[in-house]
Amino acid sequence: MKLTEEQKKRIEELLSQMTLEEKIGQMNQESPSIVGGFDVPFEELIEMMTDGRISKEEFGRIMADAKQDYHEDDIRKGLVGSLMVQDPVKVNELQKIAIEESRLGIPIIFGLDVIHGFRSVYPIAIAEAGSFDTDLMERTAAMAAKESRAAGVAWHFAPMVDVARDARWGRVSEGPGEDPYLGSQFARAKIRGLQNDQSSPENYVAACLKHYVGYGACESGRDYNTVSMAMHVFYNNYLKPFEAAVDEGACTVMAAFNDLNGKPCTVNKFLLRDILKDSLGFPGFVVSDANAIRECIVHGACEDDMDAGIQAAQAGMDMDMGTEIYVKNLKEAVESGKLSMEVIDEAVRRILSVKMWLGLFDHPYVTEEAMKRYETLPVEHTDLAREAAEKSIVLLKNEGNILPLDKNAKISLVGSLADNKEEIIGAWAMSWQEKDCVTILDGMKEEFPNVRYFECGGPEGDLNMNEILAAGDYGDVIVAVLGELVSMSGEASSKADITIPGRQRELLEMLLTTGRPVVLVLMNGRPLALSWESQFVPAIVEGWHLGIQMGPAVAHVLSGAVNPEGRLSSSFPAMTGQCPVYYNHPNTGRPGSKSKFTSRYLDAPLGALYPFGYGLSYTTFEYSDLQVKETEDTVEACIKVKNTGDRSGKETVQFYMQDVAASLVRPVKEMKGFEKISLEAGEEKTVSFSLAKKDMGFYDNERTYRLEDGKFRIFIGKSSVDCLMQEIEVQF
Ligand code: BGC
C-alpha cells in the first residue's frame, strides 16, 4: 500500500483539522438498519424464517417493503467511516452526502462480503483452492474487483484464509482448506488479484484478510466456539496464510469472533498489535467482525460497552463493525484519560491511508457508464466462471471407467439440486442474478441429446417412488446430483453429522437396485463422510458449489470434453466421528495401525477416506526416479512423471517434507510446493523443486524460528498419501 508524499501530507492535514468526534466517526462502520414496515422486531422476523413460521419468500417480500435507515444524518456529521451497501445508486447518494455535506468531505469506504465473485459467481474457495492454479485464483479475484468497483464497492471482506481442519465447521466452504502452504499461495494470489491492477481506480479494491485468527480451529467444529492451541501449532499453521498475505500487501484485516487461548481476538493486543502490526509490519487497518466488540462482554472479557470499546481500541482494533460502541463511548474515554489520543490518531491515519490508496478522495463516485457495464455479463466473465468451475471439479472414484459418458447415452438425471439456480451459487454470494446461472440440468441438455430429468428427491423432503422407477427404466446410466443445500454450509452452519443429508442415501440405494450404473455428482460446501457411497456407488464426482457456470462445467467433465484436474484441498473423512482429520498431523508415539494399542478408532478406518491432494483423472500418471540432493542453500528434488493412459491430462505434482526428529515434534508431512503440468498420452516430464533451506524450519512456542540439522524426508507424489520418498541429512 504505497502512498506518495503528497498523499501522506493530505492525510496529516486532514487529521489536524478533524475534531475528536470526526476521528471516531472514521472508526465506525454501519450497515443499513431495518427500522420498520412490519409488526415484529427484526430479530424475531429472522427467527420466524429460521424456524419456518414464515417462508423464505414471505421474508423476502417483507424485506422488500421494509424501511431502511442509511444513517444519512450521521454521515452528514462525519460519524460514519464505512458502510455496507451494494446498490450503486444508493452508494452515490450516500457518498454525495459525505463529500458535499460533511464538514471535511471525507469519502465513505463501502465494503461487502465478496467472497467468491460479485456478479459472476465463481466456485466457493474450498473448491477453487483444489484447482491448485494460482493464476486462476488471481484472475477470478481481479474480475470480482472490477465488477464490484463498478457498483461502488471498493472493499472486499475477503479473502477468508482460515486454515480449517474440521469438516463439521460450516465455514470450511469459504476458505482454501486445511493446508497452510496451499492456503498461503491462495492468499497471495487473491491479494494480487484484488489489489494489484492500479492502472485505474476502477480496477482494484482493498482486500480484507479474515478471520484473524485461529477461527478455523473452533472446538468440535461448532461455529464461534472457543479456540485453544499450542502456540507452535498456531505459528506454523493458522498464522501462516495471514503472514503470507500481509507480505503480499493486504491492506485490511478482520479480527475473528473467537477467543484464542482465553482472549477474544477482538481485544487481543498480542495478536493485533504485537504480531500483526509490530512484528509483521501490517500497514493497513483492522476491522472487527460484525458486533464482535459488544460480544466481548458476552465472552466474559469486558465489563460493559465502555470497557469493550477501550480494550478493543487499545488492542489495535481500528474500526468497529456494527455496534456503534466506538461512536458512543470513545470520546468520553479519551476525555477522561482512559484512552490516549495516539490510539485514535493511529487508527484514523490507517483508515484514511486505505481510502487514499483506493483513490476514493479523487474518484468517490460510480459513473453511469460503470453502473451499466455489467448489466449483461461479458463473455470473458462467463468463460472465466466456467474455466474456474471445470478446474475445481474432483473425480473421487471411477470404477470400471464408467466415466466419461458416451455423448449419445440415454441419461437419467436425478435429484432436485440438478435443477436449481440458487443451489449452484454457494454460501456468501452477494449480487448474482438468476439469468446468469446455468444449472446442471441445462448444462447436461446442451452436452447430451438424450438426457431426461427425474427429480426423485433432494437434501430435504420425501422421495418420489414413481420417478425413481421411471429413472431406472429410461437411462442406460443414472447421474444422481445429490448433496447439501447452500444453507447447510457457510456461517452458522456447523453440522454434527456430515453424511449426505436427508433421504438421499436411501435414494442412492434405490437407484442402485435398478441395476443401472450410477454416477454420483456431489454438490456441497464441506468435505462429506462418504464411507457408504465410496463402497457402493461406482463413480463419484465432487462438484462442490461451483457458481454460475456449474452446469456446463459438470457436463463437460461427464462427457470427457474436460479431463478432471481438481484435487482435494481438504481431507474427506470416512465417518463424521473422525473429524478433525488432516494430513499434516504429528505422528504420536503410537501412530494408528492394525494393532490395538495405537492411536485409532475401533469403529472407523485409519486416516482420511479421500486425503488432501487426492483426485483422479481420465488418464493415469506414473511417478519414478525421485532424486534429492543438498546444496549450500537449498534441497533440490526432481522426479519423472509419465502419462501412462491414452489421453492428455493435467497432474498436480505435490512436494512435501518431514523433519524426522526435532526439538518439537513436526508433522508427518508438510507441503512445500506443487506444480501443475500437462502431459500428452505417453509423454513424460521431469518436474523439479528447489526448497530453500531457510524455509525448512519451524517456529517454537516462543515464536523463535528454528532450523535444526538432521534427517529430513522428501516426498513427491500425486497426493498427501501417495508419494515416493527419499531421506536426506541436512545441515543449516
Ligand atoms: C462474518 C464475516 C463477515 C461479516 C460482514 C460476519 O458475520 O463472520 O465473515 O465479513 O459478517 O458481513
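Computed from a predicted structure; not experimentally measured.

Caption draft 1: Here's a closer look at the site of the ligand. Close to the ligand lie 13 residues; Asp113, Arg171, His211, Asp289 and Glu491 are nearest. Contact distances for the ligand include 2.6 Å between an oxygen atom and a side-chain N or O atom of Asp289. In isolation the ligand exposes 310 Å². Once the protein is present, 90% of that is buried. Class assignment of the residues belonging to the shell around the ligand gives a composition of 7 nonpolar, 1 polar and 5 charged.

Caption draft 2: Region of interest: the nonpolar core. Val519 and Leu558 are the most contacted members of the largest nonpolar core, which totals 194 residues. When residues in this core are grouped by element, the largest group, 9 residues, is from helix α16 (residues 341–357). Residues from two domains meet in this core; each of domain 1 (377–578) and domain 2 (621–730) gives at least three. Among all residues touching Val519, those that are not within four sequence positions of it are Ile402, Leu403, Leu405, Val477, Ile478, Val479, Ala480, Ala539, Val541 and Leu558.

Caption draft 3: Here's a closer look at the state of the cysteines. For the coordinates displayed, the defined rule picks out 0 disulfides. Just so you know, Cys208 is unpaired, no disulfide at all, and the nearest cysteine sulfur is the one on Cys251, 9.0 Å from it. Here Cys723 stays unpaired: no disulfide links it, and the sulfur of Cys638, its closest cysteine neighbor, is 15 Å away.

Caption draft 4: Looking closely at the pattern of salt bridges. All chains considered together, the criterion is met by 54 salt bridges. Asp247 is the salt-bridge partner of Arg188, the closest N and O atoms lying 2.9 Å from each other. Linking Arg188 in helix α9 (residues 180–195) with Asp247 in helix α11 (residues 240–248), this pair joins segments that are 59 residues apart in sequence. A salt bridge links Asp383 to Arg386; the nearest nitrogen and oxygen atoms lie 2.9 Å apart. Here Arg386 and Asp383 lie together in helix α18 (residues 379–392), a separation of 3 residues that amounts to about one turn.

Caption draft 5: View of the sheet that holds strand β7 (residues 208–212). With parallel pairing, the 3 strands of this open sheet are ordered in space as β7-β8-β11. In this open sheet, the two strands that pair with only one neighbour each are β7 and β11 (285–287). If you compare each strand with its neighbour and ignore which way they point, the axes differ by 25° on average. Across the face of the sheet, helix α12 (residues 269–279) comes into contact with β7, β8 (252–255) and β11 while running at roughly 140° to β7.

Caption draft 6: Expanded view of the sheet that holds strand β19 (residues 621–630). As summarised here, the arrangement of the 3 strands in space is β19-β20-β23, forming an open sheet in which the pairing is antiparallel. Only two strands of the sheet have a single partner each, and these edge strands are β19 and β23 (684–692). Each strand axis lies, on average, 20° off the axis of its neighbour in the sheet, ignoring direction. Sheet topology places β19 next to strand β20 (residues 634–643); 8 bridges connect them, and they run antiparallel. Along β20, the bridge assignment pairs Tyr623 with Val641.

Caption draft 7: How the structure looks around the packing of aromatic side chains. The tally for this structure, following the rule as stated, stands at 21 aromatic pairs. Geometrically, the ring pair formed by Trp544 and Phe572 is edge-to-face, given 5.8 Å between the ring centres and 75° between the ring planes. Of the two residues, Trp544 sits in the loop between β18 (539–542) and α23 (550–559) while Phe572 sits in the loop between α23 and β19, which places them 28 residues apart along the sequence. We note that Trp544, like Phe572, is buried. With 5.2 Å between their ring centres and 20° between their planes, Tyr610 and Tyr614 make a pair best called stacked.

So, how was this worked out
- Residues numbered from 1 in each chain as written.
- Predicted model: local features only at pLDDT ≥ 70, side-chain atom pairs only at ≥ 80, totals over all residues.
- Heavy atoms only, no water.
- Near = heavy atom within 4 Å.
- Polar contact = N/O pair within 3.5 Å; in protein donor to acceptor, adjacent residues only side chain to side chain.
- Areas by Shrake-Rupley, 256 points an atom, 1.4 Å probe, with all protein chains shown as cover.
- Nonpolar A, V, L, I, M, F, W, Y, C, P; charged D, E, K, R; others polar.
- Core = buried A, V, L, I, M, F, W, Y, C linked by side-chain atoms within 4.5 Å.
- Buried < 20%, exposed > 50% of the residue type's maximum accessible area, 1.4 Å probe, protein only.
- Helix = DSSP H or I, 4+ residues; strand = E, 2+ residues; numbered from the N terminus.
- Domains from an automatic or database assignment.
- Contact = heavy atoms within 4.5 Å.
- Disulfide = S-S within 2.5 Å.
- Salt bridge = Lys/Arg side-chain N within 4 Å of Asp/Glu carboxyl O.
- Pairing = 2+ DSSP bridges.
- Axes fitted to C-alpha atoms, helices over the stretch in contact; angles between N-to-C directions.
- Phe/Tyr/Trp six-rings, centres within 6.5 Å; stacked < 30°, edge-to-face > 60°.

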